[in-house]
Amino acid sequence: MMNARADVSDVPVYVVVGGGRAGASAVAAMREANFSGRILLVGAEPYPPYERPPLSKEMLVKPEAAQLTIYPETYYADKNIECLFGGSVVRLDSAAHRLTLASGEEFTFDKLLLATGARARAYPLLDQLGERVFTLRTRDDSERLRSALTPGCRLLVVGGGIIGLEVAASAIALGATVTVIERADRLMARGTPDPLVDILRRLHVEKGVRFELGVTLNGASCSNNGDVLLRAEDGRPFIGDLVVYGIGVELNTELAVSAGLHVENGIVVDEYGRTSRPEIYAAGDAVRQWNPATRHHQRFETWANAQSQGAAVGRSMVTGEPCSMDVPWYWTDQYGHNFQVAGSHEASEWLHRNTGEGFKSTMLGLVDDVVVGAVTIDNGREMRPIRTMIANRFKVTDRALLADPRVDLRKLVECGR
Amino acid sequence: MKKLYVCTTADLPPGGARRLDTSPAIALFNHNGDYYALADLCTHGSASMSEGYIEDDCTVECPVHTAHFCLKTGKALTQPATVDLATFETLVEGDAIYVFVPTGDR
C-alpha cells in the first residue's frame with residue numbers, strides 16, 4: 001500500500017501519526033488547502049479512520065445501522081493520501097525529522113502532525129477479571145462487548161461518566177440489567193452542568209438502571225459458579241456477569257515525550273497547533289492548545305474538538321494561518337434522546353426554556369447575566385444560535401423573553417438583545 | 001410523481017421549515033424566499049432535517065450532530081455526514097407551495 005520514501009524527491013512531505021478523527025480531518029484539510037506535496041497517514045489500528053461516537057450506541061444496539069467509516073475507502077487514493085493502517089511508530093527523532101515504525105521502516109518528514117489521541121485508562125483491579133471485563137475505546141472493543149451483551153445478562157458498569165452511561169443505556173435496550181458503580185458522589189463528574197446530570201440520572205433510574213454512587217471498590221474476583229463479584233471498601237458485594245469500566249483516558253503522549261516535546265497534561269501547542277518544535281504539530285484529545293481569546297491552554301476529549309482542531313491544524317500547516325477556535329461542544333445520545341452541551345458548565349444560574357413537548361428543552365448557563373454555556377435536550381436546533389451567543393458573550397437584559405420557548409433565539413442573536 | 005400541496009407561502013416564512021409526512025418524509029425549507037425540499041431523515045443518524053438550522057449560505061445544519069447539507073443539491077458538505085440527501089422538486093403557484101413526491105415507493 002505504501003511506497004513512501006521521503007528522501008527520493010524534493011516535494012514536501014507531511015506525515016500524520018494517528019488515524020482517528022483528528023488525523024482524518026487533518027489530511028482532508030491539507031488537501032482542501034491545496035497542499036500538493038506528499039501526505040502519509042499512519043494509524044495504529046488496522047482500519048481506515050472511523051467514528052468513535054457510535055461505538056457505545058448504534059454499534060452495540062443496531063450494528064447494521066451504524067456508520068463508522070469517516071471517508072469512503074476510495075477517498076484516500078483519490079486525494080493521493082498514502083496510508084499505513086496498523087503501523088505503530090516507535091521512535092520520533094525530532095532533530096533529524098525522522099520516524100521509525102515497529103517494522104523498522106523509516107520516514108523523514110518536512111512537517112509532522114501528532115494526532116495520537118488517548119486510550120482507555122486501565123483499572124488493574126478489574127483487568128484481572130480477564131474475559132469478563134471490557135473497556136470501550138476502539139472498534140474491536142465495541143465488537144467484543146456486543147457479542148457478550150445478551151438479554152438478561154447482569155452488567156456492572158464501573159464509572160458513571162459518558163461512556164458508562166451510554167453503555168448502560170445501550171445495555172438496557174438490549175435487555176440487560178444494569179448497575180452503575182461510581183466512586184464520586186455524582187454522575188458525569190467532569191464537564192457537565194448540574195441540571196443535566198439530574199435529568200440523566202432520573203432518566204436512567206426510570207429505565208431500570210441502579211446507581212451506586214460514592215462507592216470505592218477494593219476487590220474483584222470470578223466465583224466458581226461463573227459470577228463476577230466486585231467488593232466495595234465497606235464490604236458490600238456487587239454480583240454480575242460482565243463488567244464494563246470507563247474511568248477516563250490516558251493520553252498517548254509517549255512519542256512526544258520521548259522526542260523531547262513540551263508535554264504537560266497534554267502536548268502543549270500554540271494557536272497554530274505547533275509544539276515546542278515548530279515543524280511538529282499536534283491535534284486532538286492529547287493536545288492542550290493555547291487559546292488567545294481566553295488566554296488559557298485548553299484540552300478537550302470530544303469528537304467536535306478532534307474534528308475541528310484536526311482540520312484547523314492541518315490547514316494551518318499548509319497556510320500558516322492560526323486556528324480558529326470553536327465554542328466547546330459535545331453531545332450524547334441516550335434512550336433515543338439527544339443531549340448537547342456547549343461552553344462552560346460552571347454557570348451560577350441556569351435559565352430554562354421548557355417547551356412543554358416531552359423532553360424538548362434548553363437551558364442557558366449565566367454568569368453575571370452573560371450566557372457562558374448551554375444544554376439542549378432534543379432541541380439541537382437552538383444550539384447553533386446559542387453557540388454564537390456564547391462566543392459573543394451575549395448579555396441578558398430580559399430574562400422572561402429569553403425563557404420564552406416561542407422566542408426565536410436566532411432573532412435575539414441577530415438584534416443583539 | 002405526485003404534486004402535493006403543502007401550505008401557503010405565508011405559512012412558511014424565510015428561515016422556516018416544515019416536515020411532510022410522506023414516504024420517505026420530506027423537509028421543505030424557505031431560504032430567503034426560495035423553496036427547497038430534501039429528504040427529512042439525516043443520512044448520518046436519525047434526525048429530522050426540518051428541525052435543522054438554515055444557514056445564510058443556503059445550507060442546513062442537522063440539529064443532532066451538526067452535519068451540513070446544501071439546500072439546492074442535498075450534497076453532504078461537512079462531517080459527520082458523507083451521504084447526500086435526496087432532493088425533490090418544488091413549485092409555487094400563486095401563494096401555494098407544492099412538492100413533487102415520488103409515487104413508486106409508496
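By convention here, each chain's residues receive numbers from 1 onward along its written sequence. Here the convention is simple: chains get letters from A, ligands get numbers from 1, in the order in which they are written. Where totals are concerned, whole chains, interfaces and linings use all residues; where local detail is concerned, this predicted model gives features only for residues with pLDDT of at least 70, and gives and counts side-chain atom pairs only at 80 or more.

1. Digging into the overall build of chain A
Part 1 of the reasoning: Scanning chain A from N- to C-terminus turns up twelve helices and 26 strands.
Part 2 of the reasoning: Dimensions of chain A, computed from C-alpha atoms along their principal axes, come out at roughly 65 × 65 × 40 Å.
Part 3 of the reasoning: Looking at chain A as a whole, 46% of its 417 residues are labelled buried.
Part 4 of the reasoning: Long-range contacts, defined as pairs at least 24 residues apart, comprise 62% of the intrachain contacts of chain A with a sequence gap of at least 6. Segments assigned H or I by DSSP are reported as helices when at least four residues long, segments assigned E as strands when at least two residues long, and all are numbered from the N terminus. Residues are called buried when their C-beta atom has 20 or more other C-beta atoms within 10 Å, exposed when it has 12 or fewer, and partly exposed otherwise; all C-beta atoms are positioned from the backbone. By the convention adopted here, residues make contact when the C-beta atoms placed from their backbones lie within 7 Å.

2. As for the pairing of strand E9 (residues 90-93) of chain B
Residue and element names in this part refer to chain B.
Part 1 of the reasoning: By this definition, two strands are paired if DSSP reports at least two bridges between them. With four bridges joining them, E9 and strand E10 (residues 96-101) adopt antiparallel strand pairing. For Glu93, the partnering residue across the bridge sits in E10 and is Ala96.
Part 2 of the reasoning: Counted along the chain from E9 to the antiparallel partner E10, the turn is two residues long, and its residue Gly94 has a positive phi close to 60 degrees.

3. Things to note about the domain arrangement of chain A
All names here are of chain A.
Part 1 of the reasoning: For chain A, the assigned domains are domain 1 (6-119 + 250-319), domain 2 (122-247) and domain 3 (336-415).
Part 2 of the reasoning: These domain boundaries are the output of an automatic or database domain assignment. Between the C-alpha centres of domain 2 and domain 3 there is a distance of 32 Å.
Part 3 of the reasoning: Throughout, the ten residues Ala, Val, Leu, Ile, Met, Phe, Trp, Tyr, Cys and Pro are labelled nonpolar, Asp, Glu, Lys and Arg are labelled charged, and all others, Gly among them, are labelled polar. Its residues assigned to classes, the side of domain 2 that touches domain 3 comprises four nonpolar, two polar and no charged.

4. Focus on helix H6 (residues 162-173) of chain A
Residue and element names in this part refer to chain A.
Part 1 of the reasoning: The span one expects for a helix is its residue count, reduced by one, times 1.5 Å. Between its terminal C-alpha atoms H6 stretches 17 Å, which fits the 16 Å expected from twelve residues at 1.5 Å a residue.
Part 2 of the reasoning: Where burial is concerned, most of H6 is hidden: ten out of the twelve residues are buried.
Part 3 of the reasoning: Looking at the buried side of H6, the elements it contacts are helix H2 (58-61), strand E10 (154-158), strand E11 (177-182), helix H7 (194-206), strand E16 (242-245) and strand E22 (329-334).
Part 4 of the reasoning: Where H6 ends, the next residue or the one after it, Gly175, has phi of about 90 degrees, a positive value.

5. As for the environment of A:Val263
Part 1 of the reasoning: Relative to the helices and strands, A:Val263 resides in the loop between helix H8 (254-258) and strand E18 (267-269).
Part 2 of the reasoning: Ignoring any residue separated from it by four or fewer positions in sequence, one finds A:Val263 in contact with A:Thr253, A:Ala256, A:Val257 and A:Val268.

6. Topic: the sheet that holds E22(A)
Residue and element names in this part refer to chain A.
Part 1 of the reasoning: If you walk across this open sheet you meet the five strands as E22-E23-E26-E25-E24, and the pairing is antiparallel. The outermost strands of the open sheet, each flanked by one partner alone, are E22 and strand E24 (349-354). Sheet twist, expressed as the average angle between the axes of neighbouring strands with direction ignored, equals 20 degrees.
Part 2 of the reasoning: Note: E22 against strand E23 (residues 337-343), six bridges, orientation antiparallel. The convention used is that axes are lines fitted to C-alpha atoms, helices contributing only their stretch in contact, and that angles between N-to-C directions extend from 0 to 180 degrees.

7. Thoughts on the sheet that holds strand E15 (residues 237-240) of chain A
Residue and element names in this part refer to chain A.
Part 1 of the reasoning: Within the open sheet, the three strands sit side by side as E13-E14-E15. Their pairing is antiparallel. At either end of the open sheet lies a strand with only one pairing partner, and these are strand E13 (217-222) and E15. Pairs of neighbouring strands in the sheet enclose a mean axial angle of 20 degrees, with direction left out of account.
Part 2 of the reasoning: Bridge analysis of strand E14 (residues 228-232) against E15 gives four bridges, and the strand direction is antiparallel. Counterpart to Leu229 in the pairing with E15 is Ile239.

8. Some points on the environment of A:Tyr14
All names here are of chain A.
Part 1 of the reasoning: Summarising the element assignment, Tyr14 is placed in strand E1 (residues 13-17).
Part 2 of the reasoning: For Tyr14, a count of 25 C-beta atoms within 10 Å puts it in the buried group.
Part 3 of the reasoning: When the C-alpha atoms of Tyr14 and Gly37 are compared, they prove to be 7.4 Å apart, with 23 residues separating the residues in sequence.
Part 4 of the reasoning: Other than its neighbours up to four places away in sequence, Tyr14 contacts Met30, Phe35, Gly37, Ile39, Phe109, Asp110, Lys111 and Met317.

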